[in-house]
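Overview (structure and organization)
Listed here are the chains, written in short residue letters.
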Amino acid sequence: MLRDTAADAGPTVAGLDAALAEWARPGGPFDPALLAAHEERESFPAEACAALDAWGLPEFYVPARHGGRQERLDVFVALLRRIAARDLTVAVAHGKTFLGGVCVWAADEDGPAHLLARQVLAGEPVAWGLTEPGGGSDLLAGALTATRHGSGWRLSGRKWPVNNATRGNLMCVLARTEPGGGARGFTVFLLDRRATLAGTVRPLPKMPTHGIRGADISGLEFDDARLPAHAVVGPVGGGLELVLKSLQLTRIVCVSLSLGAGDHALGLLRRFLGERRLYGRGLADLPHARDVAGRAVARQFLAESVAHTAALAAHHVPEQLSVVSAVTKAFVPSLIAGQLRLVGDLLGARGFLTDVEGYGGFAKLERDHQVVPLFDGSTWVNRAGLAAVLPLLRPGRRPAPAGADSPARWLREDSEPDPLDTRRLRLMAP
Ligand SMILES: Cc1cc2nc3c(=O)[nH]c(=O)nc-3n(C[C@H](O)[C@H](O)[C@H](O)COP(=O)(O)OP(=O)(O)OC[C@H]3O[C@@H](n4cnc5c(N)ncnc54)[C@H](O)[C@@H]3O)c2cc1C
């Protein structure tokens, strides 16, 4: 479905595939035994992340206009999917920098963008601090406050739980800048911990987790932390709008984690069907096994079609992305969660035992995947968002897109996507 479009000899999807296969050999940074040991010890998969840094993945976090290789969302989705198919913890840990940077690219201001691009290209991870202990999905309840201090700002409060909060020096933070809050009461800041006074920004302890156990899920506490004026991203008071538009892109990227988990599960299932013999014949000869396997594969195709369409929609119809991204995030992770249940059911004991050679990975990936439906706007948050705009979506309300705007046109394999233009994103589809 995806063509590799990199015209030069730089990193490509096919190149990453080959590298991952090499790294998965015994002793390599993606050796399943090493990744399982990290999971067991709840330690960060540093070797795998270092290999991805050296390969050049950080270049795909930075838009081409700021010196990176990020040009096509479908290419980025494909890259993260390949990594997730090997190990979801690594994909969540490394891929977070895409989410951390997106507000800065979407704000489209040269100063902060050049600054961040330099750091990301040098391999610095970037965290995204939206959630607070008392807030969860309700961003308007955010209590972390930024108040003006001379030409700069002072931040007090907590962001928790946040992926890479402790590992990274950089975090994009949504802070309340109007005491009364409200739609125009929040602002995004790009925090560089190295530029703050000692003791004013403290990491919160790593949280033990059910899945992605090696990831750095922690947080930051701000105690009158001073930030310079140039830490502001986008307009003062425009933070909520910027975050909601950025989420339209990150929700599409997040489903690559589900696609990768589905690929991994189907790989295990294929192997099992090929080698398991029961009643003197192959398991695949059992009608029930064929039925379940067929349904698992169908779910994967459907998930892939939705994700691919959404990634291209970001280029061709960004004005519609509030709806497209919500459909994608509400639908794909749930679809794949169901696929994992089907595969786990068919694997039987091997889906449950964690130390059977070759199959131990299933229990881990099923645990790891459970986080995908709940972060970056849970399935229910996205469904609720869609329910609110249903009257606008009723058939016949607007003419079906024709010509170059028609999905039938831009989904063709030979169609080159328009460059991603975040200025065309809308809070609500027109
Ligand atoms: C491993 C992990 C990593 C994370 N990483 C980050 C990160 O890097 N940055 C960050 O900012 N946050 C991060 N989070 C936080 C994550 O995004 C939150 O889980 C999320 O904000 C929702 O908060 P909550 O889970 O406390 O649920 P709540 O918001 O308290 O919701 C409770 C329940 O109500 C449902 N619900 C909420 N709103 C609605 C609605 N409108 N309609 C219907 N149902 C609704 C939810 O689906 C949920 O089931 C992370 C969380 C985890 C577990």
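Residues numbered from 1 in each chain as written. Predicted model: local features only at pLDDT ≥ 70, side-chain atom pairs only at ≥ 80, totals over all residues. Heavy atoms only, no water.

1. What to know about the domain arrangement of the protein chain
What the domain assignment lists for the protein chain is domain 1 (13-125), domain 2 (128-237) and domain 3 (240-424). Here the C-alpha centre of domain 2 lies 23 Å away from the C-alpha centre of domain 1. At the interface, 22 residues of domain 1 touch 24 residues of domain 2. Where domain 1 abuts domain 2, roughly 2100 Å² becomes buried across the two surfaces, and 63% of that area is made up of carbon and sulfur atoms. At the surface where domain 1 touches domain 2, the tally comes to one salt bridge. Note that Glu-124 and Arg-194 form a salt bridge whose closest N and O atoms lie 3.4 Å from each other. (Domains from an automatic or database assignment. Contact = heavy atoms within 4.5 Å. Buried area = accessible area lost by both parts, 1.4 Å probe. Salt bridge = Lys/Arg side-chain N within 4 Å of Asp/Glu carboxyl O.)

2. Things to note about the pairing of strand 5 (residues 186-192)
Counted residue by residue, strand 5 has six buried out of seven residues, so it is predominantly covered. Relative to strand 5, strand 4 (residues 170-176) runs antiparallel, the two being bridged by seven bridges. In the strand pairing of strand 5, Leu-170 is matched with Asp-192. The pairing of strand 5 with strand 8 (residues 232-233) spans two bridges and is antiparallel. Bridged to Val-188 within strand 8 is Val-233. (Buried < 20%, exposed > 50% of the residue type's maximum accessible area, 1.4 Å probe, protein only. Helix = DSSP H or I, 4+ residues; strand = E, 2+ residues; numbered from the N terminus. Pairing = 2+ DSSP bridges.)

3. Describing the confidence of the model for the protein chain
Detailed reading of the predicted coordinates is not advisable wherever pLDDT falls low. Mean pLDDT over the protein chain stands at 94; residues scoring 70 or higher make up 98%. Considering only residues more than four positions removed or in separate chains, one finds that residues 1-8, a stretch of pLDDT under 50, has 22 contacts. (pLDDT = per-residue confidence, 0-100.)

4. Thoughts on the pattern of salt bridges
The tally for this structure, following the rule as stated, stands at 26 salt bridges. Three or more residues joined by partner-sharing salt bridges are found here, namely Glu-39, Asp-87, Lys-364, Arg-367 and Asp-368.

5. Remarks on helix 5 (residues 88-107)
Under the 1.5 Å per step criterion, the end-to-end length of helix 5 is 29 Å for 20 residues, consistent within 8% with the ideal 28 Å. Gly-101 marks where helix 5 bends most, by close to 40°. With respect to burial, helix 5 is a largely interior element, 20 of its 20 residues being buried. Of the residues that open helix 5, the one with a side-chain oxygen 3.1 Å from the backbone nitrogen of Thr-89 is Asp-87. One or two residues past the end of helix 5 sits Asp-108, with phi positive at roughly 60°. (Expected span 1.5 Å × (residues − 1). Bend = angle between axes of the 7 residues up to and from the residue. Polar contact = N/O pair within 3.5 Å; in protein donor to acceptor, adjacent residues only side chain to side chain.)

6. Details of the nonpolar core
Membership of the largest hydrophobic core comes to 106 residues, with the highest contact counts inside it found for Trp-23, Phe-30, Ile-83, Trp-128 and Val-243. Looking at which element gives the most residues to this core, the answer is helix 7 (residues 239-275), with 18 residues. In this structure, Trp-153, Val-173, Leu-227 and Val-232 belong to the second largest nonpolar core, which totals 19 residues. (Core = buried A, V, L, I, M, F, W, Y, C linked by side-chain atoms within 4.5 Å.)

7. Quick look at the UniProt feature "domain: Acyl-CoA oxidase/dehydrogenase middle" (unreviewed entry) in the protein chain
Sequence positions flagged by UniProt for "domain: Acyl-CoA oxidase/dehydrogenase middle" (unreviewed entry) are, in local numbering, residues 128-224. For residues 128-224, the end-to-end C-alpha separation is 20 Å, with 0% helix and 46% strand making up the annotated structure. (UniProt positions renumbered as here; feature names shortened; annotations may be inferred.)

8. Observations regarding the packing of aromatic side chains
The description of two aromatic rings rests on the distance between their centres and on the angle between their planes. What the rule picks out here adds up to six aromatic pairs. Summarising the aromatic geometry, the rings of Tyr-61 and Phe-76 are spaced 5.7 Å apart at their centres and angled 65° between planes, so their arrangement reads as edge-to-face. Of the two residues, Tyr-61 is situated in the loop between helix 3 (46-55) and helix 4 (73-86) and Phe-76 in helix 4; the sequence distance between them amounts to 15 residues. By relative accessible area, Tyr-61 is classed as buried at 2%. Measuring from ring centre to ring centre gives 4.7 Å for Phe-76 and Phe-98, while their planes differ by 20°; the resulting arrangement is stacked. With Phe-76 in helix 4 and Phe-98 in helix 5, this residue pair connects regions lying 22 residues apart in the sequence. Each residue in the set Tyr-61, Phe-76 and Phe-98 is aromatic and connected to the rest through ring pairs, giving one cluster. Seen from the ring of Tyr-359, Arg-271 lies directly overhead, with NZ or CZ sitting 4.9 Å from the centre. Of note, Arg-383 hangs over the ring of Trp-380, and the distance from its end group to the ring centre comes to 4.6 Å. (Phe/Tyr/Trp six-rings, centres within 6.5 Å; stacked < 30°, edge-to-face > 60°. Lys NZ or Arg CZ within 6 Å of the ring centre and 35° of its normal.)

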